[in-house]
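# A look at the structure
Each chain, written out:
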Amino acid sequence: MNRGETRDYSDILKTRIVLYGILLLLMIVYNVAVGELGLGDSRYMSQLADTVSRLIYFGGLTYVIVKIVFWKKLLKDERRMQAELSWESDERRRLVHLKSGGIVFDLLLFVLLFMTCTTALYSEEAFRACLLILLAAVSLKAVSRIVYNKAC
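Residues numbered from 1 in each chain as written. Predicted model: local features only at pLDDT ≥ 70, side-chain atom pairs only at ≥ 80, totals over all residues. Heavy atoms only, no water.

Taken as a whole, this structure holds 3 salt bridges when the rule is applied. With its nearest N and O atoms 2.9 Å apart, the salt bridge here joins Glu88 to Arg16. With a gap of 72 residues between them, Glu88 in helix H3 (residues 78-88) and Arg16 in helix H1 (residues 3-37) connect regions that are remote in the sequence. Of the residues examined, Glu88 reaches a relative accessible area of 15% and is grouped as buried. Close ionic contact of Arg54 with Asp50 constitutes a salt bridge, the shortest N to O distance being 3.0 Å. In this pair, Arg54 and Asp50 both sit in helix H2 (residues 47-76), 4 residues apart, roughly one turn of the helix. (Salt bridge = Lys/Arg side-chain N within 4 Å of Asp/Glu carboxyl O. Helix = DSSP H or I, 4+ residues; strand = E, 2+ residues; numbered from the N terminus. Buried < 20%, exposed > 50% of the residue type's maximum accessible area, 1.4 Å probe, protein only.)

In C-alpha coordinates, the structure reads:
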(Lines give C-alpha, C1' and ligand atoms only; values in the text may rest on other atoms or scores of the structure.)
Protein backbone atom coordinates (compact mmCIF):
# COMPACT_ATOMS: atom_id res chain seq x y z
CA MET A 1 0.00 0.00 0.00
CA ASN A 2 1.30 3.35 -0.90
CA ARG A 3 1.13 6.52 1.10
CA GLY A 4 -1.75 7.89 -0.99
CA GLU A 5 -4.07 4.99 -0.13
CA THR A 6 -3.38 5.44 3.57
CA ARG A 7 -4.03 9.17 3.31
CA ASP A 8 -7.33 8.51 1.50
CA TYR A 9 -8.27 5.95 4.14
CA SER A 10 -7.51 8.44 6.93
CA ASP A 11 -9.94 10.87 5.24
CA ILE A 12 -12.55 8.08 5.16
CA LEU A 13 -11.95 7.43 8.87
CA LYS A 14 -12.34 11.13 9.68
CA THR A 15 -15.62 11.20 7.76
CA ARG A 16 -16.83 8.13 9.64
CA ILE A 17 -15.92 9.75 12.96
CA VAL A 18 -17.89 12.88 12.07
CA LEU A 19 -20.92 10.88 10.87
CA TYR A 20 -20.92 8.66 13.96
CA GLY A 21 -20.50 11.77 16.12
CA ILE A 22 -23.64 13.20 14.52
CA LEU A 23 -25.41 9.87 15.09
CA LEU A 24 -24.31 9.94 18.75
CA LEU A 25 -25.70 13.44 19.13
CA LEU A 26 -28.99 12.41 17.50
CA MET A 27 -29.24 9.42 19.85
CA ILE A 28 -28.78 11.68 22.86
CA VAL A 29 -31.40 14.12 21.53
CA TYR A 30 -33.75 11.15 20.98
CA ASN A 31 -33.22 10.03 24.58
CA VAL A 32 -33.89 13.53 25.93
CA ALA A 33 -37.01 13.85 23.77
CA VAL A 34 -38.33 10.50 24.99
CA GLY A 35 -37.70 11.58 28.58
CA GLU A 36 -39.35 14.96 28.12
CA LEU A 37 -42.42 13.45 26.48
CA GLY A 38 -42.76 10.95 29.31
CA LEU A 39 -42.52 7.93 27.05
CA GLY A 40 -40.87 4.70 28.01
CA ASP A 41 -42.65 4.44 31.33
CA SER A 42 -42.07 0.84 32.39
CA ARG A 43 -45.45 0.77 34.16
CA TYR A 44 -47.15 0.76 30.76
CA MET A 45 -44.65 -1.37 28.85
CA SER A 46 -44.28 -5.13 28.87
CA GLN A 47 -41.06 -6.50 30.30
CA LEU A 48 -40.04 -7.60 26.79
CA ALA A 49 -40.61 -4.15 25.29
CA ASP A 50 -38.73 -2.47 28.14
CA THR A 51 -35.77 -4.85 27.89
CA VAL A 52 -35.55 -4.79 24.10
CA SER A 53 -35.79 -1.00 23.88
CA ARG A 54 -33.05 -0.60 26.48
CA LEU A 55 -30.83 -3.17 24.74
CA ILE A 56 -31.29 -1.50 21.37
CA TYR A 57 -30.70 2.02 22.63
CA PHE A 58 -27.82 1.43 25.03
CA GLY A 59 -26.30 -1.26 22.81
CA GLY A 60 -26.37 1.16 19.91
CA LEU A 61 -24.95 3.95 22.04
CA THR A 62 -22.11 1.70 23.20
CA TYR A 63 -21.44 0.51 19.64
CA VAL A 64 -21.21 4.08 18.30
CA ILE A 65 -18.84 5.19 21.08
CA VAL A 66 -16.62 2.11 20.66
CA LYS A 67 -16.38 2.67 16.89
CA ILE A 68 -15.49 6.35 17.32
CA VAL A 69 -12.76 5.49 19.85
CA PHE A 70 -11.47 2.66 17.63
CA TRP A 71 -11.23 4.88 14.56
CA LYS A 72 -9.55 7.70 16.51
CA LYS A 73 -6.91 5.26 17.78
CA LEU A 74 -6.50 3.90 14.27
CA LEU A 75 -5.75 7.39 12.94
CA LYS A 76 -2.83 7.67 15.36
CA ASP A 77 -1.18 4.36 14.37
CA GLU A 78 -0.09 4.16 10.73
CA ARG A 79 0.73 0.44 10.85
CA ARG A 80 -2.64 -0.54 12.32
CA MET A 81 -4.36 1.75 9.82
CA GLN A 82 -2.70 -0.07 6.92
CA ALA A 83 -3.69 -3.44 8.40
CA GLU A 84 -7.31 -2.28 8.79
CA LEU A 85 -7.31 -0.89 5.24
CA SER A 86 -6.04 -4.24 3.99
CA TRP A 87 -8.80 -6.06 5.90
CA GLU A 88 -11.52 -3.70 4.64
CA SER A 89 -10.24 -4.00 1.05
CA ASP A 90 -10.43 -7.80 1.03
CA GLU A 91 -12.33 -8.64 -2.16
CA ARG A 92 -13.94 -11.80 -0.79
CA ARG A 93 -15.23 -10.15 2.37
CA ARG A 94 -16.60 -7.22 0.36
CA LEU A 95 -18.33 -9.55 -2.10
CA VAL A 96 -19.99 -11.52 0.72
CA HIS A 97 -21.17 -8.26 2.30
CA LEU A 98 -22.50 -7.00 -1.02
CA LYS A 99 -24.32 -10.23 -1.89
CA SER A 100 -25.89 -10.49 1.57
CA GLY A 101 -27.50 -7.07 1.36
CA GLY A 102 -24.66 -4.57 1.48
CA ILE A 103 -25.24 -0.98 2.51
CA VAL A 104 -28.97 -1.20 1.74
CA PHE A 105 -29.46 -3.85 4.40
CA ASP A 106 -27.25 -1.94 6.85
CA LEU A 107 -29.49 1.11 6.46
CA LEU A 108 -32.63 -1.04 6.68
CA LEU A 109 -31.31 -2.57 9.90
CA PHE A 110 -30.75 0.90 11.34
CA VAL A 111 -34.33 1.91 10.44
CA LEU A 112 -35.74 -1.31 11.90
CA LEU A 113 -33.79 -0.84 15.13
CA PHE A 114 -35.08 2.74 15.42
CA MET A 115 -38.66 1.68 14.68
CA THR A 116 -38.55 -1.22 17.14
CA CYS A 117 -37.12 0.95 19.89
CA THR A 118 -39.66 3.71 19.27
CA THR A 119 -42.72 1.47 18.92
CA ALA A 120 -41.82 -0.21 22.22
CA LEU A 121 -42.60 3.15 23.83
CA TYR A 122 -45.98 3.62 22.13
CA SER A 123 -47.76 0.41 21.29
CA GLU A 124 -47.25 -3.20 22.33
CA GLU A 125 -48.80 -4.56 19.12
CA ALA A 126 -46.68 -2.35 16.86
CA PHE A 127 -43.59 -3.23 18.91
CA ARG A 128 -44.18 -6.98 18.50
CA ALA A 129 -44.68 -6.57 14.74
CA CYS A 130 -41.48 -4.50 14.40
CA LEU A 131 -39.58 -6.96 16.57
CA LEU A 132 -40.65 -9.88 14.37
CA ILE A 133 -39.64 -8.00 11.22
CA LEU A 134 -36.30 -7.10 12.80
CA LEU A 135 -35.63 -10.70 13.84
CA ALA A 136 -36.61 -11.97 10.38
CA ALA A 137 -34.30 -9.46 8.68
CA VAL A 138 -31.36 -10.29 10.95
CA SER A 139 -31.97 -14.02 10.42
CA LEU A 140 -32.07 -13.59 6.65
CA LYS A 141 -28.85 -11.57 6.75
CA ALA A 142 -27.09 -14.17 8.91
CA VAL A 143 -28.19 -17.09 6.72
CA SER A 144 -27.25 -15.30 3.51
CA ARG A 145 -23.82 -14.41 4.89
CA ILE A 146 -23.23 -18.04 5.88
CA VAL A 147 -24.35 -19.32 2.47
CA TYR A 148 -22.32 -16.78 0.49
CA ASN A 149 -19.32 -17.23 2.77
CA LYS A 150 -19.24 -20.92 1.89
CA ALA A 151 -19.93 -20.30 -1.81
CA CYS A 152 -17.28 -17.62 -2.38
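Now, onward.
The subject of this paragraph is the layout of surface pockets. Reported here for the largest pocket is a volume of approximately 1,600 Å³. In terms of lining residues, the largest pocket is bounded by 40 residues, among which Tyr20, Tyr63, Trp71, Ile103 and Asp106 are the most central. For the lining of the largest pocket, the secondary structure elements donating two or more residues are H1, H2, H3, helix H4 (91-99), helix H5 (102-122) and helix H6 (124-151). Take the lining of the largest pocket: its biggest share by element is 12 residues, from H1. When the residues that make up the lining of the largest pocket are grouped by side-chain class, the tally is 24 nonpolar, 5 polar and 11 charged. Here the second largest pocket is characterised by a volume of approximately 220 Å³. (1 Å grid on protein atoms, 1.4 Å probe; cavity = no way out; pocket = protein on both sides within 12 Å on 5 of 7 lines; lining within 4 Å. Points joined across faces, edges and corners; volume = space filled by probe spheres on them. Nonpolar A, V, L, I, M, F, W, Y, C, P; charged D, E, K, R; others polar.)

This model, assessed by the stated rule, comprises 0 disulfides. Looking at the unpaired Cys117, the closest cysteine sulfur is the one in Cys130, lying at 11 Å. Cys117 gets classed as buried once you look at its relative accessible area, which sits at 7%. Given a relative accessible area of 8%, Cys130 falls into the buried group. (Disulfide = S-S within 2.5 Å.)

Between the first and last C-alpha of H2 there are 43 Å, a value that for 30 residues agrees with the 44 Å anticipated at 1.5 Å per step. Within the span of H2, buried status applies to Ala49, Asp50, Val52, Ser53, Ile56, Tyr57, Leu61, Val64, Ile68, Trp71 and Leu74. (Expected span 1.5 Å × (residues − 1).)

Take a nonpolar patch on the surface next. On the surface, a nonpolar cluster with roughly 390 Å² of combined accessible area is contributed by Val18, Leu19, Ile22 and Leu26. With respect to the secondary-structure elements, Leu26 resides in helix H1. (Patch = residues over 30% accessible without salt bridge, like charges linked within 9 Å, V, L, I, M, F, W, Y side chains within 5 Å. Areas by Shrake-Rupley, 256 points an atom, 1.4 Å probe, with all protein chains shown as cover.)

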